[in-house]
Amino acid sequence: MSAAAVETGRYGSGHIVRRIEDPALVTGRGRFTDDVAPAGQVHLAFARSTYAHARILSIDVEGALAQPGVLAVYTGADLVAAGVKPLPGGGFKRPDGSPGATAARHALAHEVVRFVGEAVAAVVADTREAARNAAAALWIDYEELPAVTDPVQAVSPGAPVLCEAAPDNIAAEMRHGDAAATAAAFAAAAHVVQVDIRNQRLAASPMEPRCTQAELDTATGRLTVRLSSQMPTGVRNGIAGLIPGRTPENVRVKVDDVGGGFGMKTGLYPEDVAVAHAALQLQRPVSWRAERLEEFLASTHGRDVLTHAELALDANGRALALRVRSLANVGAYATTAGLAIQLLIGPWVSTSIYDLQTIDLHYTGVMTHTAPTGAYRGAGRPEAIYLMERLMDAAARQLGMDPAELRRRNMIRPEQMPYRNPMGQTYDSGQFARILDQGLALADWQGFAARRAESQARGRLRGRGIATFLEWTGGNALEERVVVDVTADGYIELTSATQAMGQGIATSYAQLAVDVFGVPIDRIRVLQGDTDRANGFGSAGSRSLFTGGSAVRVASERTVDTARQLAAEALEAPAGDIEYREGRLSVAGTDLGIGLFELAGRQPTQRITVDVTNAVSAPSWPNGCHICEVEIDTATGQVAIVAYASVNDIGRVVSPAIVRGQIEGGAVQGIGQALLEQVVYDPGSGQLLTASFLDYAMPHADGFVGFKTQFDTSVPCLTNPLGVKGVGELGTIGATPAVVNAVIDALDAAGQGAAAERIQMPVTAERVWRALAGDYDPAPLADLPAA
């Protein structure tokens, strides 16, 4: 192998490389939306509702307009008068078969506010401080109305109503499976286990808050919107669809560095529309940057599902049927994504890796006077997997079986692949028992008794939890476009509509390009975040490498093929005789050749351009086995993670360091849900009680040491040319049930027995301390009215 081959080979897929994104980010040269300050920029601030539910009687803007530096004030009525349309929402069907319902969500609340923090008016001023001061000076007269924040209360008779089209506050409902067959299976079962679960509401909390900047080019009439987003094309189309006179052609969306998304930045927000409207009206660049308080109040939240779930088993521990009843609190405005996540996407993986065909799933999306919910890391799959893994542990406890053995007994076998689950989803590949075996070995499953005894000797309770699971990735947006440009100055540019947001996708794309082109990785440039360059679904649902990476591979190979054709003409040789190797094209058997970049320089455009749209054939199904051990201080109830091992099947690994970071970082996020995080509203007033990091507890890095993380790369995905499976959400999905199962195991060992199943997330020290005394929260759906 040549020295050059060794050099470039070091940077190809499967090798650990330094992320190409990092030099700029760690030296302060990253550029985020708020770093951009066009000439003449002015600032926008929002006045937000202080009530959970109220009628807007009047808004007196005179005081605000009189403030120094104030240029304009906009209200919901102003935007309606200007023809700005409400944001789309709803979807699916209500229980009676009528269309799904939601109140119209305007960019600025019109006539009625429906949650604390909803934007009511926007003030534009010369400086950010002036805009905020003027927003505070607005006099908004409200008539307060009754509010409801709990979904069980919201569907109870006499509850305050969110919108006239849904007097019962049910936005939509879906049922899956065969209720009669499920009832028969339960009637014949030897064992039935059940769990009552509150999958609490969470705030995504990326480091960078939302920022939006809009500027009109008065010469061309084009509006450029710069913001922090995972889906630039979706934002462009949304703005074009809502603001009169705007079309996809005269709106350009640009995204710079993004300081984290976690699903929360996947869609168009009302604030984006308001900023765009202001820029069009004022014909000046308008900028808005959310405060952390605004992010807690008005960004989309995740999870918030109340569930009663049951599993029927035969005498040997074989699962016979699954029955689930869930209420999903989708907030004040039922978004299509918020409904789809809970009513459809989560159920797709409800039976996980287990061979179980009989189901009865009943999911209801309920509107309340809280912030809308939407995508949050995993988006429906963590909720569904948490249910199944809690049921599996509960079943093992009731049957007196090893929880790993019970799971193995129910797993889909390799010879059953491709496997169609009862939701009609087809798994292309999976060696679930083999992943389990590796997980047990990595965690030293058999050595747990000795470790528990050692903890006990120190006065600590020790528990062990396991989760074996899969997830669905791809967003069902399976097509992606990539443009490759080979430039005369020695670079290969990859342009994609997927979006970097800290996950390292540019590095992974560059490594895939190195595989094909055989050039050093610093010759690869990755361009994203510009709808004038590329459009597509964006980055969500762990799809970027799976779909975009496959397109990079195909586009790179076609570029080399194109270069061979061009080289054949330049070298006056048959194309079949042209060989490509490490940036050079040569006539086979001769020393006649030309460099790739020199060849690009000879083209009329000074570059070789290949534009490819590629589709993968189906979603990918990554899976894993996560095992956690915890210690509990019985005096305080404090839970400590003392061991965490995971074996993950994500197919082929392109960037080992990046996927390890994704799995372990994701696990920390899942542990955060298990132990710490919860958005809490005051049930009486609807005020948000966790509106800062003083009240909303996040996991700290120093609480998680000693992760053992392995990958089994021997089971490639069969639905894409790379053989990769999505990895971005796997760690989060596995961690939450593994941790809570470990806490329950410890409580069981302390004498709580099956009662320990009643503990709810977050498993705080206070909850554990009460549980040790037999004091648990009531079942979340205990007061649900009979259907």
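Quick note: structure is the one above.
What counts, and where the lines are drawn
- Residues numbered from 1 in each chain as written.
- Predicted model: local features only at pLDDT ≥ 70, side-chain atom pairs only at ≥ 80, totals over all residues.
- Heavy atoms only, no water.
- Helix = DSSP H or I, 4+ residues; strand = E, 2+ residues; numbered from the N terminus.
- Rg over C-alpha atoms; globule rule 2.2 N^0.38 Å.
- Buried < 20%, exposed > 50% of the residue type's maximum accessible area, 1.4 Å probe, protein only.
- Areas by Shrake-Rupley, 256 points an atom, 1.4 Å probe, with all protein chains shown as cover.
- Lys, Arg positive; Asp, Glu negative; His and termini not counted.
- Charge placed at Lys NZ, Arg CZ, Asp CG, Glu CD.
- Core = buried A, V, L, I, M, F, W, Y, C linked by side-chain atoms within 4.5 Å.
- Pairing = 2+ DSSP bridges.
- Axes fitted to C-alpha atoms, helices over the stretch in contact; angles between N-to-C directions.
- Contact = heavy atoms within 4.5 Å.
- Parallel < 35°, antiparallel > 145°, perpendicular 65-115°, else oblique.
- Left-handed = near helix turned anticlockwise from the far one by under 90°.
- Nonpolar A, V, L, I, M, F, W, Y, C, P; charged D, E, K, R; others polar.

Visitor: Explain the overall build of the protein residue by residue, including any values.
Guide: The secondary structure content of the protein amounts to 21 helices and 28 strands. For 787 residues, the compact-globule estimate of 2.2 N^0.38 gives 28 Å, and the protein sits close to it at 28 Å. In terms of overall dimensions, the protein has a C-alpha envelope of 80 × 70 × 50 Å along the principal axes. Across the 787 residues that make up the protein, the buried fraction comes to 62%. Surface summary for the protein: the accessible area is close to 28,200 Å², and the carbon and sulfur share equals 52%. Seen as two clouds, the 67 positive and the 86 negative side-chain charges of the protein have centres 3 Å apart.

Visitor: Got a sec to walk through the nonpolar core? Specific residues and values, please.
Guide: Generally speaking, nonpolar side chains in soluble globular proteins are found buried as a group. Formed by 139 residues in total, the largest nonpolar core has its most connected members in L311, L322 and I641. If you look at the next biggest cluster of nonpolar residues, it comprises 51 residues, including V482, I492, I505 and V654.

Visitor: Could you give an account of the sheet that holds strand β21 (residues 524-527), with specific residues and numbers?
Guide: With mixed pairing, four strands are arranged side by side in an open sheet as β21-β20-β19-β25. Sheet topology places β21 and β25 (607-615) at the edges, where each strand pairs with a single neighbour. Going from strand to strand, the sheet's axes swing by 20° on average, the running direction of each strand aside. Looking at chain direction, strand β20 (residues 492-496) and β21 are connected through four bridges and run parallel. In the sheet register, E493 faces β21, and the bridge partner there is R525. Together, β19 (479-487), β20 and β21 form the strand contacts of helix α16 (residues 505-517), whose direction differs from that of β21 by roughly 135°. Across the sheet, helix α17 (residues 544-571) lies against β19, β20 and β25, angled at about 140° from β25, the strand it touches most.

Visitor: A description of unusual backbone geometry should follow, citing residues and the corresponding values.
Guide: Across the junction of M417 and P418, the peptide omega takes the value -5°, indicating a cis bond. Of note, the amide linkage connecting M761 to P762 takes the cis form, showing an omega dihedral of -10°. When you line up the elements, P762 lands in the loop between α20 (730-752) and α21 (765-772). Non-glycine residue S542 carries a positive phi angle of around 55°. With respect to the secondary-structure elements, S542 resides in the loop between β21 and α17. Looking at S542, the relative accessible area reads 15%, which means it is buried.

Visitor: Let's hear about the packing of α20 against α21: which residues, and what values?
Guide: It is at 10 Å that the axes of α20 and α21 come closest, and there the two elements cross at 25°. Between α20 and α21, the angle falls in the class roughly parallel. You can see that α20 and α21 cross each other, and the crossing is right-handed. In this structure, α20 uses V743, L747, A750 and Q752 to contact α21, whose residues at the interface are V768, A771 and L772. Its residues assigned to classes, the contact of α20 with α21 comprises six nonpolar, one polar and no charged.

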